[in-house]
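# A structural walkthrough
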Amino acid sequence: MPPPSRPTMDDVARLAGVSRKTVSRLVNSSATISEHTRGLIEAAMAELGFAHRQPASAGLRPALIVLLHDGSDPALASVTETELLTQLQDGGPALAVHLLAADPAQRLQRFLAAHRPSGAILLPPLSSDPALAQMCAAAGVPCSRPGEPGLACDDRAAMAELVHWLAAEGHRRIGLVAGPETSPGPRLREQGYLDAMADRGGRGPPLVVSGNGTFESGIEAGLLLLDVSPRPSAIVCCNDEMAAGVLHAAARTGTSVPGEISVVGFGDTPLAARTLPPLTSMRVPWAAIAREALTRITDGATARHTFAADLSLRGSVSRYTGEGIGSDPLIPPGRAAHFPGRVPPA
């Protein structure tokens, strides 16, 4: 009688319900595997009596996930990094954070060649550059792009509802600090602002000043909007960094927030709760988006998700009565207003 054949990776893959490639990735430690998938494979290996050993001379590098950003939105980079570290703390791949500021394509090319990561996560506005994603694909590096369609909230609808909410609180002249035109998220937020202003029957040109996503550009835009006559009663910004800059501009000009003008951010990053006054901001669930981005790398998931957005109300907004803005914040800090009709994250 011939000796029983040894179980193969194909046998393990069939029993675990995964691809042979996924089993090979675990065996060779060449890429990260989610804890759920790892458990399925290891259970199948145990049941079949499959044993694998890595050659002592293999010299394999540990799996590495790289988080890439351009430094324009440090609050977003921080909250994403924190969530990824939380997800990866029980072993598995290491996390690297790499800055792609000047000449991002050349810097990314050098990083990929030197470190050969198992996956890459591109934060906005880098996520909107298809050349960077294509560079990762050419190097065989799975790439997730938070902020892109299918891995974002409905920015346009969220901004429109935010502007409608301000209008319902009496604000008619609402300014906007826009983001980079090359970045889809800020562009959609600007479109949402324009939608809402048109719905409200706004007259005259919209009060829109361009920013580039940074704190410094928020200061410049805020100074311009505060110098308009008649001045807007509320300023909405396409991210929290620029909203913090507008608060700085208000302080520089002696303008009380929310006594003389209301200011609202977008993103609700940790920065929003640390400004003075604390910043009302449209909450984007960046932590949940970061988890999904990581899952797309580890499991190869491709399902599109629209994440829910809601409003975190703090002390930077007051009602507008027509004679001026109230001196007190609209509601106590930290309370959230949930907009109806949102699609929750899957």
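The shown structure was predicted, so the numbers you read here are calculated from the model rather than taken from an experiment.

## So, the pattern of salt bridges
Applying the stated rule across the entire model yields nine salt bridges. R14 serves as the salt-bridge partner of D11, at 2.5 Å between the closest nitrogen and oxygen. You can see D11 and its partner R14 sitting in helix α1 (residues 9-16), three residues apart, about one turn around the helix. According to the relative accessible area criterion, D11 is partly exposed, its value standing at 24%. Taking relative accessible area as the criterion, R14 reaches 60% and is therefore assigned exposed.

## A word on the side chain of T275
If you trace the backbone, T275 turns up in the loop between β9 (262-267) and β10 (280-283). Taking relative accessible area as the criterion, T275 reaches 13% and is therefore assigned buried. A polar side-chain atom of T275 sits 3.3 Å from the main-chain amide nitrogen of L279. Leaving out residues up to four positions away in the same chain, T275 has contacts with A244 and L247.

## Quick notes on the sheet that holds strand β1 (residues 64-69)
The strand order across the open sheet formed by four strands is β2-β1-β3-β4, and the pairing between neighbours is parallel. Unpaired on one side and paired on the other, β2 (94-99) and β4 (143-144) mark the two borders of the sheet.

## Topic: the side chain of S312
Following the sequence through the fold, S312 ends up in strand β12 (residues 310-313). Engagement of the side chain of S312 in a polar contact is seen with the side chain of D268, the distance being 2.8 Å.

## Thoughts on the pairing of β1
With six of its six residues buried, β1 lies for the most part within the structure. Side-chain alternation along β1 places L64, V66 and L68 on one buried face and I65, L67 and H69 on a second face that is also buried. Alignment of β1 against β2, held across six bridges, turns out to be parallel. Paired with L64 across the strands is A94, a residue of β2.

## Remarks on the pairing of β10
Pairing between β9 and β10: four bridges, direction parallel. Each bridged residue has a counterpart across the sheet, and for V264 the counterpart in β10 is T280. In this structure, β10 lies alongside β12, joined through three bridges in antiparallel fashion. Residue S281 lies in a different strand from β12, and its bridge partner there is S312.

## Considering unusual backbone geometry
Here P124 and P125 are connected by a cis peptide whose omega angle stands at 0°. A cis amide bond links S229 with the next residue in sequence, P230, at an omega value of -5°. Structurally, the position occupied by P230 is in the loop between α9 (215-226) and β8 (234-237). For D103, which is not glycine, the phi dihedral falls at a positive 50°. Residue placement: D103 occurs in the loop between β2 and α5 (104-115). Here D103 falls in the partly exposed class, since its relative accessible area comes to 42%.

## Thoughts on the state of the cysteines
Applying the stated rule across the entire model yields zero disulfides. C238 takes part in no disulfide bond, and the closest cysteine sulfur, belonging to C237, lies 7.8 Å away. Classification of C238 by relative accessible area gives buried; the value is 1%.

## Things to note about the environment of I297
Mapped onto the secondary structure, I297 falls in helix α11 (residues 286-299). Through-space distance from the C-alpha of I297 to that of S34 is 9.2 Å; in sequence the pair is 263 residues apart.

## Some remarks on the nonpolar core
Core analysis: the largest hydrophobic core is formed by 62 residues, its most contacted members being M159, L162, L166, V177, Y193, V236 and V263. If near-sequence neighbours (up to four positions away) are discounted, Y193 is found in contact with M159, V163, I174, G175, L176, P206, L207 and V208.

## Things to note about the confidence of the model for the chain
Residues with a pLDDT of 70 or more make up 84% of the chain, whose mean pLDDT is 84. Across the chain, the element-wise mean pLDDT spans from 43 in strand β13 (residues 335-337) up to 98 in β8. Every residue in residues 331-346 is under pLDDT 50, and counting partners more than four places away or in other chains gives 38 contacts.

## A look at helix α10 (residues 240-252)
Here α10 spans 18 Å end to end across 13 residues, near enough to the 18 Å set by a 1.5 Å rise per residue. Among the 13 residues that make up α10, ten are buried, leaving the element largely enclosed by the rest of the structure. Its buried side turned inward, α10 meets α4 (74-88), β6 (174-178), α9, β8, β9 and β10. Between the side-chain oxygen of the N-cap and the backbone nitrogen of E241 there are 3.4 Å, and the N-cap of α10 in question is N239. Directly beyond the C-terminal end of α10, a positive phi value near 70° is found at G254.

Scoring rules and cut-offs
- Residues numbered from 1 in each chain as written.
- Predicted model: local features only at pLDDT ≥ 70, side-chain atom pairs only at ≥ 80, totals over all residues.
- Heavy atoms only, no water.
- Salt bridge = Lys/Arg side-chain N within 4 Å of Asp/Glu carboxyl O.
- Helix = DSSP H or I, 4+ residues; strand = E, 2+ residues; numbered from the N terminus.
- Buried < 20%, exposed > 50% of the residue type's maximum accessible area, 1.4 Å probe, protein only.
- Polar contact = N/O pair within 3.5 Å; in protein donor to acceptor, adjacent residues only side chain to side chain.
- Contact = heavy atoms within 4.5 Å.
- Pairing = 2+ DSSP bridges.
- Disulfide = S-S within 2.5 Å.
- Core = buried A, V, L, I, M, F, W, Y, C linked by side-chain atoms within 4.5 Å.
- pLDDT = per-residue confidence, 0-100.
- Expected span 1.5 Å × (residues − 1).

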